Amino acid sequence: DVDLLVREAIQNSSDASLNEPENFFCVNFNYSEFSPSKLNRVLKDIGVILDEKYPSATADYLEIRDLKTSGLTGKTKVGEIDPNDHGNFFKLVFDTGKEQTNSDGGKAGGSWGYGKSVYFRVGIGLVVFYSHIKIDTGYESRLIVALVEREGSQDALLTKIRKDSIGRAWWGMKYGNRDDEIGPLTDEKEISEILDIFGIAPFGEDETGTSIIIPYIDKRRLMEGIFPENCDISDDV
């Protein structure tokens, strides 16, 4: 999956590039460790299950971070989205199987359902989406956690909570007293507390971009098959 992950990440960032006079955007792949207990503490319902599954003091994560891009813009409430263009945030975090288009004229191709699924496949299905965007009144940060699991998987977390789970869940901010809709955190302090778990710095005041954080990476499994058989590259390399 690693080749698809790199290709998809760079394509998504390219589609969201600002097209400024410098005409460049950046995509960084950062691999490091975090404390599972700190992350699990903020994941209601599955935290105890993750504690049992990952009792070690550290675990690996991968961060894919871009700059000079628009970030995850667009509406965050179902009732406010444009039926013809759900926006970068909604398409990446919530939509599945939708035709991928660019809000600047439908330039991007492919399917959101297939392409974005690689973010969930390379870990345990858990992904943190963090973005800093420009809005009419200045800038806004957005952070939401998503979990997408393979239906019927023996390792599925959500079926341990609800037998009829469809394998999808989100952690963020509730809209009022509604239980059927959730949006991203926007409070800078709350967002910083989650970023601190990974030792990740927030975006600068006038920077825009997106950070996709994938915890519980299995490095050995991720790198399987990266070199074709009989390619004369030794295992130590």
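These figures come from a predicted structure and were not determined experimentally. (Residues numbered from 1 in each chain as written. Predicted model: local features only at pLDDT ≥ 70, side-chain atom pairs only at ≥ 80, totals over all residues. Heavy atoms only, no water.)

**Q** Help me out: how do you make sense of the side chain of Glu-63 in this one?
**A** Structurally, the position occupied by Glu-63 is in strand β2 (residues 59-67). Looking at Glu-63, its side chain comes within polar contact range of the side chain of Arg-65, at 3.0 Å. The residues contacting Glu-63, other than those within four sequence positions of it, are Asn-28, Phe-29, Asn-30, Ile-200, Ser-211, Ile-212 and Ile-213. (Helix = DSSP H or I, 4+ residues; strand = E, 2+ residues; numbered from the N terminus. Polar contact = N/O pair within 3.5 Å; in protein donor to acceptor, adjacent residues only side chain to side chain. Contact = heavy atoms within 4.5 Å.)

**Q** Would you take a moment to explain the pairing of strand β8 (residues 209-215) for this structure?
**A** Look at any regular strand and the pattern is simple: side chains alternate between the two faces of the sheet. Within β8, 7 of the 7 residues are buried, which leaves the element mostly enclosed by the surrounding structure. Here β8 shows no split at all, with Gly-209, Ser-211, Ile-213 and Pro-215 on one side and Thr-210, Ile-212 and Ile-214 on the other all buried. Summarising the sheet, β2 and β8 pair through 7 bridges and their orientation is antiparallel. Across the sheet, the residue bridging to Asp-66 is Thr-210, located in β8. Here strand β3 (residues 126-135) pairs with β8 via 5 bridges, running antiparallel. Considered in β8, the bridge of Ser-131 is made with Thr-210. (Buried < 20%, exposed > 50% of the residue type's maximum accessible area, 1.4 Å probe, protein only. Pairing = 2+ DSSP bridges.)

**Q** Help me understand the environment of Leu-50, please; the structure alone is not making it clear to me.
**A** Turning to its location among the elements, Leu-50 is positioned in helix α3 (residues 47-53). Judged by relative accessible area, which is 0%, Leu-50 ranks as buried. Placed 34 residues apart in sequence, Leu-50 and Asn-84 show a C-alpha to C-alpha distance of 38 Å. Every residue in contact with Leu-50, bar those within four places of it in the chain, is listed here: Asn-40, Leu-43, Ile-124, Leu-157 and Tyr-216.

**Q** Can you walk me through the environment of Leu-222 in this structure?
**A** Take Leu-222: it is sitting in helix α8 (residues 219-222). Taking C-alpha positions, Leu-222 is 32 Å from Thr-76, a pair spaced 146 residues apart along the chain. Residue contacts for Leu-222: discarding those within four places in its chain leaves Val-2, Val-122 and Ile-217.

**Q** How should I be thinking about the environment of Gly-79 in this particular structure?
**A** Residue placement: Gly-79 occurs in the loop between β2 and α4 (87-93). Residue Gly-79 is classed as exposed on the basis of its relative accessible area of 77%. Separated by 51 residues in sequence, Gly-79 and Tyr-130 have C-alpha atoms that sit 22 Å apart.

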